[in-house]
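Here are the chains, one letter per residue:
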Amino acid sequence: MSSEAKEIICIICPVGCRMTAVRDKNSPSGFLVSENQCKKGEAYGIEELTNPTRVLTTTVKINPGIYNRLPVRINGSIPKNKIFPCMKVINKVEVKAPIKIGSVIIENILNTGCDLIASRSMKAS
Amino acid sequence: MYDIAVIGAGIIGTSVARELSRYSLRIALIEKDNDVANGTTKANSGIIHAGYDAKPGSNKAKYNALGNPMFDELCEELAVPFKRIGSLVIALESYDMEKVEELYNRGLANGIPEMRILGRSEVRKMEPNLNDEVVGALHAPTAGIIDPWELAIALAENATENGVELLLNHRVTAIEKLTDGFDIRTSASGIEARYVINCAGVYADEINNMAAAPYFQITPRRGQYFVLDKNTGSLVNSVVFQCPGKMGKGVLLTSSVHGNLLIGPDSEVLDDKDNVETAAHRLLLIKEAAARTATGIPFNTMIKTFAGLRASPSTRDFIIEESKETAGFINVAGIESPGLTAAPAIAEEVVRLLKATAGKLKKSDDFNPLRRKVIRFMELKDHERVELVRKNPVYGRVICRCENVTEGEIVDVINRKAGATTVNGIKRRVRPGMGRCQGGFCAPKVMEILARELGRDMQEIVNEGKESYILSGTTKGEQDYEGK
Amino acid sequence: MKENSIVNRYDVVVIGGGPAGLAAAIEAKKHGAKSVCVIERDKELGGILQQCIHNGFGLHIFKEDLTGPEYAERFIIELMESGITCKLDTMVLDISEDLDLQILNTYDGFMHIKAEAIVLAMGCRERTREAVNIPGTRPAGVFTAGTAQRFLNMEGYLVGKKIMMLGTGDIGLIMARRLTLEGAEVRAVLARRGYPGGLMRNVAQCLHDYDIPLMLRHTIVKIIGKERIEGVLVARTDEERKPIPGSEELYECDTLLLSLGLIPENELSKGAGVKLDPATGGPVVNESMETSVKGIFACGNVVHVHDLVDYVTDESRRAGKSAAYFVRKKLKENGLLIKTEPGKGIKYIVPHLIRVDNLNKSLQLFMRVREVYPNSRLIVKADNEVIKKSRKMHMTPGEMDNIRIDPKILQQRKPAILSVQVKREEE
C-alpha cells in the first residue's frame, strides 16, 4: 500500500468530517489521521486505509407479508468487497411472514462473522 | 360491417359518435391512442366561447354561435361541470378600444347575445385584480369554462352506453373504398364500414388522403400553458383575454372548473404532429405577456406546464363536408378554436350530412341521453358523506391527498364504459395526481387499484400509451452485478 | 356541530404517525394528556421511515446505528404500550380554527373529532419535475426519489435499469446506492449547485463507493421520449444555477429520478388559519412548538425539513409535551416575548418566537445557512449586543445547524430580538 495521503469523508456520523489519512511510522498507531473531530473518525480513517468495511442494508422477499419485501441488515460491518457477493446470496432468500424484528435470516453470511437480520417486524397479509 | 366508422375519439369524434348513437346504427369509434380525449382535447384552454371572434359567415362563426347555447343541457345530461362565467376582452391601451368595438360589431353580426362594452371602472369592479392600465373591455356573459377531456370522456361513455363500440389502440393505416363502403386497415384489426367520419384532429388531412385526393393540409400549431394550484383561479372572475393587437393574440387568464388558474397559450407553427414538448423560452414569454393582464399572478404555486396542438387548416375555416370525390366519406377537419364550443353543433351537422348521403336514419328506441354522475366525495355535504361511506366503505379511503380523491371514485371510473385503464386516464377522470405532488404519493396506490380492478399485474399498468411502462421488473431477480 | 356525524373528543390529536407524530403522541401522554389519538393515513405507523431501510438513524437519541424501520419500531412499540388511540388508514380532511377535525376512513366513515390540542406532524412532500419546471415531453419513467424508494424497498419493484438522477438530496443519494445494489446502472447524479444538497457521508458511501459520477453545476434542460423517457439533455450551470447555452449534452436513460428537496406539507395547516414562514414553508412556531393558532402545535418536517430524524424526535417531544401542558393549562402565555431574526447568511431560524418563561434548561435555535461557509462563526445578538459566538468548521445549506443559549442571559437582557448571523473567519 502506498504511503500517499488519502482524502476520506468520514461516514461514522452525519457531521461527515473531511479527513486526511496517511501511513506514518512515527505515530503509535502507524497512521496519521487529521481533521477528524473525534476518536471514532481516527479509527475509521485507519480502517479505510487497511480494511474498508460497510454496513449492508437491503431487502428480501417475504410471503405473505403486508408488503412484498422485508427490510434486512447485516448486524455488523463487512468488508467492502463482500457487498455484491452478499447481495447475490440475499437475493435468493425468501422468508415467511409473520416475522419479528432481529430474527436471523442468514447466519454468518459468507463467513463474515455477521448475520443477516430482519430490521422490522412484519405481519402476514 | 359497421354502418359508421368515426375516426378519432377527441371532442369531435366523441360528440359525433354520441349524436349518432341516437339512431339505430352500428358504430365504431376508432382511436389510435390508449384512451379517448388524448390529443388536442386534453390540452387546450377549456373555454366555451361566446362567439364574437370568428369572421361572420364562416363555419367557425356559425357553429360557435349554435354550439354555445347547447352546453347547459348537454352538461346537465352528461353530469359534467360547466360554468358560464363570461369573458372579457380587455383593452390595455386606448387604441385597443377600436379593436374591442370591432369585436363587438362582429359579435352582433354573428348573433351573439348580451354583449356590452365596459369602461374602466366597470371592468375594475368586475375584476379588481387586473392591472391599473385597463382602459375598457368587451364583456360577453355567455362564455363559459369546462374541462374539455371530462366532456369528451363523458360523451364517449354515453355513446358506448348507447351501443357505440370504442376501439382503442387502432391507428388507421389505410382506407380502401369498397363498392358499398370502406375497408379501414389499422394497427390492430381491420374494420369495414359503410360510412366514414374523419374526426382525426391534426391527422385529419392524412386520413382524408387515404380515401380521397389531398385538398387541405392541417398544420399543428402548438400552444403552451401554466396551471397553478387550486384556489388560485379566484384571481379572476371571468375568462380574461387580452385584446389582439401588435403584440399578437395575447394570452388569457382564467379559472378552470376545478379552481386552478390557467395561463396561456402562445402560438407556434410546427411540423411535428406529435410534438407536445414544453419549452422554457416560450413559457417565459407567456409569463411576461400575462403580467400585462395582472401583476399578482402567484406563479410560485405552479402545479404544471403543458403544451397542446391546434389542428390549423390551410382553408382557415372548419371543414365539415362529404368528400366531393369519395361518397360516404365525411371530413370534419381543421377544428381548431372555437372547436370545443362548436362540437355539439358540428355533431348535429354531421347527422344532417349523413342523412343527405345515406337517406333517412331510424331513431333508436332505447337511446338514453343521461350519464350517471361521478360522485365526488369532497363535494358532498356532511350527512351525504356519512351515508355514502356507510353504504360503500371504499369511499372512506382517500387515495390522493392533494385533491382528496377517494378509492370509491377511482373504482367507479375504472368500471364504467370507456373507463380508465391507465394512470393518466384515472387522473383525467377524477384528478388524483393533478395536485401539488403530481402523483408522487398516490400513483403507486392508483396502480394497485387499476391492477386489482382490471385483473392485471402491477407491472402491466402503464402511464398513458401502451409502451409507457412504469415498472421495469421486480427486485431480487437474477442480477448478475456485471463488473462489480 | 354537524348533524348525523359522530363526535369524539380527545385531549390531544396528533396528525401523522411518522417519527414526529409518534414522539409527540408518546410525550403528550407521558406529560398528562388523558386521551391522545394519532391519525395516520397509511395502513401502518412509522411514516417514511418504513421505506428508509438504510442505517444512520438513532445515533443521537439511542446512541446506536439503526435503520429507519428499526428506529420507527422502537417508538411504535412504546406507543402501543401507552394507551394511545391510533386511527390507521385515516385521512384528516379539514381542521377548523376551533380545533374541530373532519376525518374519514373505511371503518368509522366520515366523522368529526374535537381536540383540546392538535399536533401537526404531517411531514413533507417531494419537489416535483413541475415545481422546478423541466421542459420537454411528459413520458413515464420520471420519478421522485421517494416514490421510487417505496416501489423498490417495500413493494419490490424496479423502476428502471439505466438511471439519471437530478438533485442530491439525501433520499436521492441513498437511492443511487440502492438501485445499484438491485442491479440498475446509475449513470450520473447531477447537482445544480457547486455542492451536494445531502450529507457528505452519503456522497461518500452512496456515490464514491460505487463509482457513481457526481456532476456538480449541471442540470437537465429537456426530457426526451414519447411514451417512456429515452434520454435527458444535460447542461452546465452558471453561478446563478442557470443552464449555460451551448453546453448541452444528451444522456440516454430509461429513468429519471428527482431528488430536488422537500416541501413541508401544510395544506391542512393553512385551512386552520396557521401562519406560515415563507423561508421554511412551515408554520411560525414558538419555543413550545405552538403555531399562531392557539392550541395547534407542530413538529418535524411539517415545520422545517430536517436532515436527521433524531432532531425530529427531539423537536416532536417538545411539541407533544407542550400540547399536554397546554391542555393542563401549564403553558405560560404572557411574560417576556422575544422574536428571532435570521441575520446575514442565515436562511431561517426555528423557533420564530420565544416566551422566555416557558424555557427551562437551555434554548436551542435551529437554522440553515444560505451558502457554504468553511471555517466561520455563528454570532448571536440580543438586540445589538453579541451574546454568543460559536465556531463552525464547515456549514452548508444541506446540513442544519443549531446553537444553544442560556435562558438566564435572555432573562437578564430582555431583548426584543434575538438574531443570528454568519461571519467568515477572515472577515
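Bear in mind the structure is a predicted one, so any value in this text is a computation, not a measurement. (Residues numbered from 1 in each chain as written. Chains lettered and ligands numbered in written order. Predicted model: local features only at pLDDT ≥ 70, side-chain atom pairs only at ≥ 80, totals over all residues. Heavy atoms only, no water.)

Q: Sorry, what's going on with the overall build of chain B here?
A: Within chain B one finds 13 helices and 23 strands. For a compact globule of 484 residues, the expected C-alpha radius of gyration is about 23 Å, and chain B comes in at 23 Å, within 12% of that figure. By sequence separation, contacts in chain B at least 24 residues apart represent 72% of the contacts at least 6 residues apart. When the accessible surface of chain B is summed, it comes to about 18900 Å², and 49% of that surface belongs to carbon and sulfur atoms. When the 61 positive and 65 negative side-chain charges of chain B are each reduced to one mean point, those points stand 3 Å apart. (Helix = DSSP H or I, 4+ residues; strand = E, 2+ residues; numbered from the N terminus. Rg over C-alpha atoms; globule rule 2.2 N^0.38 Å. Contact = heavy atoms within 4.5 Å. Areas by Shrake-Rupley, 256 points an atom, 1.4 Å probe, with all protein chains shown as cover. Lys, Arg positive; Asp, Glu negative; His and termini not counted. Charge placed at Lys NZ, Arg CZ, Asp CG, Glu CD.)

Q: Explain the interface of chain C and chain B to me, please; I cannot follow it from the model alone.
A: For interface size, the figure often reported is the accessible area lost on association. In this assembly, 47 residues from chain C lie in contact with 54 residues from chain B. Summed over both sides, the interface of chain C with chain B buries roughly 4400 Å², with 57% coming from carbon and sulfur. Viewed at the interface, chain B and chain C are joined by five salt bridges. When the shortest N-O distance is used, the salt bridge between Glu265 of chain C and Arg401 of chain B registers 3.0 Å. Run the count over chain C and chain B and you get 22 residue pairs in polar contact (both at pLDDT 80 or more). For the side of chain C that touches chain B, the elements supplying multiple residues, two or more each, are strand 6 (91-95), strand 7 (100-105), strand 8 (109-120), strand 9 (124-126), helix 4 (145-155), strand 11 (157-158) and helix 5 (170-181) of chain C. (Buried area = accessible area lost by both parts, 1.4 Å probe. Salt bridge = Lys/Arg side-chain N within 4 Å of Asp/Glu carboxyl O. Polar contact = N/O pair within 3.5 Å; in protein donor to acceptor, adjacent residues only side chain to side chain.)

Q: Before we go on, may I ask you to explain the pattern of salt bridges in this structure?
A: A side chain with one charge can pair with a side chain of the opposite charge if their charged atoms come near. For the structure on display, the rule yields 68 salt bridges over all chains. As a salt-bridge pair, Lys294 of chain C and Glu333 of chain C come within 3.7 Å of each other at their nearest N and O atoms. Residue Lys294 of chain C is found in the loop between helix 7 (267-271) and strand 20 (296-298), and its partner Glu333 of chain C is found in the loop between helix 8 (309-327) and strand 21 (337-342); the two are separated by 39 residues along the sequence. Residue Lys294 of chain C is classed as exposed on the basis of its relative accessible area, which comes to 52%. In the salt-bridge network here, residues are joined through shared partners; they are Asp229, Arg401 and Arg436 of chain B together with Arg41, Arg125, Glu265, Glu267 and Lys270 of chain C. (Buried < 20%, exposed > 50% of the residue type's maximum accessible area, 1.4 Å probe, protein only.)

Q: Just checking my understanding: could you explain the interface of chain B and chain A for this structure?
A: With eight residues of chain B at the interface, the matching set in chain A holds nine residues. Contact between chain B and chain A buries roughly 760 Å² in total, counting both sides, with carbon and sulfur atoms accounting for 54%. Inspection of the region where chain B meets chain A yields zero salt bridges. The interface formed by chain B and chain A holds four residue pairs in polar contact (both at pLDDT 80 or more) in total.

Q: In this structure, what is going on with the nonpolar core? I would like to understand it.
A: If you look at soluble globular proteins, the nonpolar side chains tend to sit buried side by side. One finds Leu70 and Ile105 of chain A to be the most contacted residues of the largest nonpolar core, which totals 90 residues. Tallying contributions element by element places helix 5 of chain C first for this core, with six residues. Formed by 67 residues, the second largest nonpolar core is a distinct cluster that contains Ala20, Ala23, Ile113 and Ile296 of chain C. (Core = buried A, V, L, I, M, F, W, Y, C linked by side-chain atoms within 4.5 Å.)

Q: Explain the packing of aromatic side chains to me, please; I cannot follow it from the model alone.
A: We describe a pair of aromatic rings using the distance from one ring centre to the other and the angle between the two ring planes. Residue and element names in this part refer to chain C. One pass over the structure, following the stated rule, counts 13 aromatic pairs over all chains. Aromatic rings pair up to connect Phe62, Tyr71 and Phe75 into one cluster. Sitting over the ring of Phe62, Arg74 keeps its end group 4.9 Å from the ring centre. (Phe/Tyr/Trp six-rings, centres within 6.5 Å; stacked < 30°, edge-to-face > 60°. Lys NZ or Arg CZ within 6 Å of the ring centre and 35° of its normal.)

Q: Teacher, can you tell me more about the pairing of strand 28 (residues 417-424) of chain C here?
A: Along any regular strand, the residues point their side chains to alternate faces of the sheet. Residues and elements named next belong to chain C. Across four bridges, the pairing between strand 21 and strand 28 is parallel. Across the sheet, Glu341 pairs through a bridge with Ser419, a residue of strand 28. Where strand 25 (residues 373-382) meets strand 28, seven bridges bridge the pair, whose relative direction is antiparallel. Its bridge partner lying in strand 28, Ala382 is registered against Leu418. (Pairing = 2+ DSSP bridges.)

Q: Help me understand the domain arrangement of chain B in this model?
A: All names here are of chain B. Taken domain by domain, chain B holds domain 1 (2-41 + 148-217 + 315-358), domain 2 (87-141 + 220-313) and domain 3 (377-460). For domain 2 and domain 3, the distance between their C-alpha centres works out to 33 Å. Opposite the six residues of domain 2 that make contact, domain 3 presents eight residues. Interface area, domain 2 with domain 3, both sides summed: about 580 Å², of which 44% is carbon and sulfur. It is Lys230, His258 and Ile303 in domain 2 that bury the most area against domain 3; as a group they hold 67% of the surface buried on that side. Our count for the contact surface shared by domain 2 and domain 3 stands at one salt bridge. With a closest N to O distance of 3.4 Å, Asp229 and Arg436 form a salt bridge. Run the count over domain 2 and domain 3 and you get three residue pairs in polar contact (both at pLDDT 80 or more). The residue inventory of the side of domain 2 that touches domain 3, partitioned by class, reads one nonpolar, two polar and three charged. (Domains from an automatic or database assignment. Nonpolar A, V, L, I, M, F, W, Y, C, P; charged D, E, K, R; others polar.)

Q: What should I look at first to understand the state of the cysteines in this one?
A: Chemically, a disulfide is nothing more than a covalent bond linking the sulfur atoms of two cysteines. In the structure shown here, the tally under the stated rule is zero disulfides over all chains. With no disulfide of its own, Cys114 of chain A has Cys86 of chain A as its nearest cysteine by sulfur position, at a separation of 8.6 Å. Free cysteine Cys400 of chain B: the closest other cysteine sulfur is in Cys442 of chain B, separated by 4.5 Å. (Disulfide = S-S within 2.5 Å.)

Q: Sorry, what's going on with the side chain of Ser21 of chain B here?
A: Residues and elements named next belong to chain B. Structurally, the position occupied by Ser21 is in the loop between helix 1 (11-20) and strand 2 (27-30). Look at Ser21 and you get buried, because its relative accessible area is 3%. If sequence neighbours within four positions are ignored, Ser21 has contacts with Ile27, Ala159, Asn162, Val164, Ser364 and Phe367.

Q: When you look at the domain arrangement of chain C in this model, what are you seeing that I'm missing?
A: Residues and elements named next belong to chain C. Annotation of chain C at the domain level lists domain 1 (1-126 + 262-331), domain 2 (128-260) and domain 3 (335-427). Placing a centre on the C-alpha atoms of domain 2 and another on those of domain 3 gives a separation of 35 Å. Each partner contributes to the interface: domain 2 provides four residues, whereas domain 3 provides seven residues. Buried surface at the junction of domain 2 and domain 3, summed over both partners, amounts to about 370 Å²; 56% is from carbon and sulfur atoms. Among the residues of domain 2 in contact with domain 3, Tyr195, Gly197 and Leu199 are the three that bury the most area, contributing 76% of the side total. The tally of links from domain 2 across to domain 3 stands at zero salt bridges. Counted by class, the side of domain 2 that touches domain 3 contains three nonpolar, one polar and no charged residues.

Q: How should I be thinking about the environment of Val72 of chain A in this particular structure?
A: All names here are of chain A. Looking at where Val72 falls in the secondary structure, it is placed in strand 6 (residues 69-74). Residue Val72 is classed as buried on the basis of its relative accessible area, which comes to 0%. Between the alpha carbons of Val72 and Cys38 there is a distance of 29 Å; along the sequence they are 34 residues apart. The contacts of Val72, once residues within four sequence positions are left out, are Leu56, Thr57, Thr58, Thr59, Val60, Ile105, Leu116, Ile117, Ala118 and Ser119.

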